[in-house]
Amino acid sequence: MTTPQPLGAIGDLAKRVQAAGFSGLLFTETGRTAYLNAAVASQAAPDLELSTGVAVAFPRSPFVTAASAWELQEGSGGKFRLGLGTQVRTHVVRRYGVEFEHPGPRLRDYVQAVKACFEAFRTGKLDHHGEFYDLDFITPQWSAGPIDAPDPKVDVAAVNPWMLRMAGEVADGVHVHPLGEPGYIARHVVPNVAAGAEKSGRSPSDIAVILPVMTIVGDTDEERHKERESVRFSMSFYGSTPNYAFIWDEAGFEGTTARIREKQKAGDFAGMAAQITDDHIAQFATESTWDGLADALAEKYGGIATRIVLYNALADLERIERYGAVARRVAQF
């Protein structure tokens, strides 16, 4: 996983990731777009599988998103996955300037509209009529046309049970939240994705479970200290979102979000991180020696995750080769 980089830098990073032995690179979307980074990476490191993880859906029309994904699938030789998410209301309304009402049903319709556009690029016929999107006009001039690769897979970010069921019903995969510890996955992700898949006549195994994992690795505590504190900060950032409060609560850390938000409102970022105890970290992250990390990840997430995404492996580029070796071992399980 990486945040998008300046376009002049992402090619070299992609080459290093590929050379280190990772199978893929997943781009979040912050101030820079995920799509342009993926395009550069696809040409610099053609063996990598690439994914947006996730791109914000609503500010872009389904057709624009579908066209971008289509070109990336073609340019990567069929190694691209389209990961979409809603973001949160404040960002969507006040930063992007678009509507956010009924985000779950809107994203469901959006995914189906994107897939209808894929079909239209192959057939020349666009016919999608949903609750939020009506698309029925395309001409050869405005179609990307067929490509020599399968349609891109479309994955969605989901946290609450409704969204997880929706992912199982209409998407090809689900991006689990970085706070997705094993108990949450067992209680919510697995049964709800399965229920959604059953509703659409599919097997749960048809739905990829894409799982970002925060890791703390080193052969001494001094080595692991830097990553532990970085993970503590990341968890406090995610933990400030009210919609995620139930994940902490159900894991036995009641009131974590409320305490983080109190510090956040005071502008006390160090205080936010301090609300994440070592017990939080032990349950929500994976800490290990270098030799034991692959086995620890396999034991914790084996049989659940289709793809493990190393959340903070690129935070320290000096150790990218060591993380790459872990990725190669995980891929063998």
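Throughout this document, residue positions are counted from 1 along each chain, in the order its sequence is written. Local features in a predicted model are, by the rule used here, given only for residues with pLDDT of at least 70; side-chain atom pairs are given and counted only at 80 or more, and totals for whole chains, interfaces and linings are based on all residues. In computing side-chain values, all of the structure's heavy atoms are included and hydrogens and water are not.

Examining the environment of aspartate 151
The condition is simple: Think of it this way: any DSSP run of H or I at least four residues long counts as a helix, any run of E at least two long counts as a strand, and we number them from the N terminus. Residue contacts are defined here by distance: any two heavy atoms, one from each residue, within 4.5 Å place the two residues in contact.
With respect to the secondary-structure elements, aspartate 151 resides in the loop between β6 (134-135) and β7 (153-157). Spatially, the C-alpha atom of aspartate 151 lies 18 Å from that of proline 140, the residues being eleven residues apart in sequence. Excluding residues that lie within four positions of it along the chain, aspartate 151 makes contacts with Trp70, Gln73, Phe118 and Arg122.

Re the environment of glycine 180
Spelled out, the test is: When accessible area is computed with a 1.4 Å probe and restricted to protein chains, residues below 20% of their type maximum are described as buried, those above 50% as exposed, and intermediate ones as partly exposed.
Tracing the sequence through the fold places glycine 180 in the loop between β8 (173-175) and α7 (182-199). Owing to a relative accessible area of 5%, glycine 180 belongs among the buried residues under this scheme. As for glycine 180 and isoleucine 207, which are separated by 27 residues in sequence, their C-alpha atoms are 17 Å apart. Excluding residues within four positions of it along the chain, glycine 180 makes contact with Ile185, Leu211 and Tyr301.

Observations regarding the pairing of strand β1 (residues 24-27)
What counts, and what does not: Two strands are counted as paired when DSSP detects at least two bridges linking them. By convention, orient the strands away from the viewer: a clockwise path from the first strand over the helix to the second makes the crossover right-handed.
One ladder, built from four bridges, connects β1 with strand β2 (residues 49-52); its direction is parallel. Across the sheet, the residue bridging to glycine 24 is glutamate 49, located in β2. In this region the chain leaves β1, passes through helix α2 (residues 34-44) and returns to the parallel neighbour β2; the handedness of that crossover is right-handed.

Some points on the layout of surface pockets
Filter applied, for reference: Cavity and pocket criteria rest on a 1 Å grid covering protein atoms alone: a 1.4 Å probe that fits but cannot get out defines a cavity, protein on both sides within 12 Å along at least 5 of 7 lines defines an open pocket, and an atom within 4 Å of a point defines a lining residue. Grid points are joined across faces, edges and corners, and a volume is the space filled by probe spheres set on the points. For this classification, the nonpolar set comprises Ala, Val, Leu, Ile, Met, Phe, Trp, Tyr, Cys and Pro, the charged set comprises Asp, Glu, Lys and Arg, and every other residue, Gly included, is treated as polar.
Estimated volume of the second largest pocket: approximately 620 Å³. Counting only elements with at least two residues in the lining of the second largest pocket, the list comes to β1, β2, α13 (290-301), β12 (307-310) and α14 (320-331). In terms of residue count, the dominant contributor to the lining of the second largest pocket is α14 (five residues). Considered class by class, the residues forming the lining of the second largest pocket number 20 nonpolar, six polar and three charged.

A short note on empty space enclosed by the protein
Inspection of the entire model under this criterion finds one cavity of 30 Å³ or more. Counted as a void, the largest cavity has a volume near 30 Å³. Lining of the largest cavity is provided by Pro178, Gly180, Leu211, Pro212, Val213, Phe284 and Tyr301. With three residues, the top contributor of residues to the lining of the largest cavity is strand β9 (residues 208-213). Residues that form the lining of the largest cavity fall into these classes: six nonpolar, one polar and no charged.

Overview of a negative patch on the surface
Rules: Here, patches come from residues exposed beyond 30% relative accessible area and free of salt bridges, joined within 9 Å for like charges and within 5 Å for nonpolar side chains (Val, Leu, Ile, Met, Phe, Trp, Tyr). Note that accessible areas follow from Shrake-Rupley with a 1.4 Å probe, and for residues the cover is restricted to the protein chains shown. Salt bridge, as used here, is a side-chain nitrogen of Lys or Arg placed within 4 Å of a carboxyl oxygen of Asp or Glu. The positive count covers Lys and Arg only, the negative count covers Asp and Glu only, and His and the chain ends enter neither. Where a charge sits is defined by one atom per residue type, namely NZ (Lys), CZ (Arg), CG (Asp) or CD (Glu).
Negative charge collects at one region of the surface, where Glu119, Asp127, Asp134 and Asp136 lie side by side. In this structure, aspartate 136 sits in the loop between β6 and β7.

Focus: the pairing of strand β4 (residues 80-85)
Across the six residues that make up β4, a large majority, six, are buried. Here β4 shows two buried faces, one formed by Phe80, Leu82 and Leu84 and the other by Arg81, Gly83 and Gly85. Bridging between β2 and β4 involves two bridges; their strand directions are parallel. Bridging from a neighbouring strand, leucine 50 pairs with phenylalanine 80 of β4. Across two bridges, the pairing between strand β3 (residues 55-56) and β4 is parallel. Of the residues in β4, the one forming a bridge with alanine 55 is leucine 84. Between the parallel pair β3 and β4, the chain is carried across by helix α3 (residues 62-75), and the sense of this crossover is right-handed. Sheet analysis places β4 next to β7, joined by four bridges and oriented parallel.

Focus: the packing of α2 against α3
For clarity, the cut-off: Geometry is summarised by axes, namely lines fitted to C-alpha atoms with helices restricted to the contacting stretch, and by angles between N-to-C directions that run from 0 to 180 degrees. When describing relative orientation, an angle under 35 degrees is termed roughly parallel and one over 145 degrees roughly antiparallel, while 65 to 115 degrees is termed roughly perpendicular and anything else oblique. Left-handed describes a crossing whose near helix is turned anticlockwise from the far helix by less than a right angle; the clockwise case is right-handed.
Interaxial distance between α2 and α3 falls to 9 Å at its minimum, and their mutual angle equals 10°. Taken together, the axes of α2 and α3 lie roughly parallel to each other. Crossing of α2 against α3: the hand is left-handed. Every residue of α3 that contacts α2 at Tyr35, Ala38, Ala39, Ser42 and Gln43 is listed here: Thr65, Ser68, Leu72 and Gly75. Looking at the contact of α2 with α3, its residues break down into four nonpolar, five polar and no charged.

What about the nonpolar core?
Going by this rule: Residues grouped as a nonpolar core are buried Ala, Val, Leu, Ile, Met, Phe, Trp, Tyr and Cys residues, joined through side-chain atoms within 4.5 Å.
Core analysis: the biggest nonpolar cluster contains 102 residues, and Phe22, Leu84, Leu107 and Met235 have the highest contact counts within it. The dominant element in this core, judged by the number of residues it contributes, is helix α5 (residues 103-123), at ten residues. Beyond its immediate stretch of four places on either side in the chain, leucine 84 contacts Tyr35, Val54, Ala55, Ala57, Thr65, Leu107, Tyr110, Val154, Asp155, Val156 and Ala157.

Observations regarding the side chain of serine 76
Where we set the bar: Identification of polar contacts relies on pairs of N or O atoms within 3.5 Å, with a donor-acceptor requirement for protein atoms, meaning one able to donate a hydrogen and the other able to accept it, and with residues adjacent in sequence counted only if both atoms are side-chain atoms.
When you line up the elements, serine 76 lands in the loop between α3 and β4. Take serine 76: its relative accessible area is 7%, and that puts it in the buried class. Separated by 3.4 Å, the side chain of serine 76 and the backbone nitrogen of phenylalanine 80 make a polar contact.

Structural notes on the packing of aromatic side chains
The test is simple: The pairing test for Phe, Tyr and Trp rings, Trp by its six-membered ring, is centres within 6.5 Å, and the orientation test on the planes gives stacked under 30 degrees, edge-to-face over 60, and tilted for anything in between. Criterion for a charge above a ring: Arg CZ or Lys NZ at most 6 Å from the ring centre, at most 35 degrees from the ring normal.
Following the criterion strictly, the structure yields twelve aromatic pairs and no others. Judged by centre distance (5.6 Å) and plane angle (80°), the ring pair of tyrosine 110 and tyrosine 133 falls under edge-to-face. Of this pair, tyrosine 110 sits in helix α5 while tyrosine 133 sits in the loop between β5 (128-129) and β6, placing them 23 residues apart in sequence. Residue tyrosine 110 is classed as buried on the basis of its relative accessible area, which comes to 0%. Among the aromatic residues, those joined into a cluster by ring pairs are Phe58, Phe100, Tyr110 and Tyr133. One residue, arginine 106, lies across the ring of phenylalanine 58, its end atom 5.8 Å from the ring centre.

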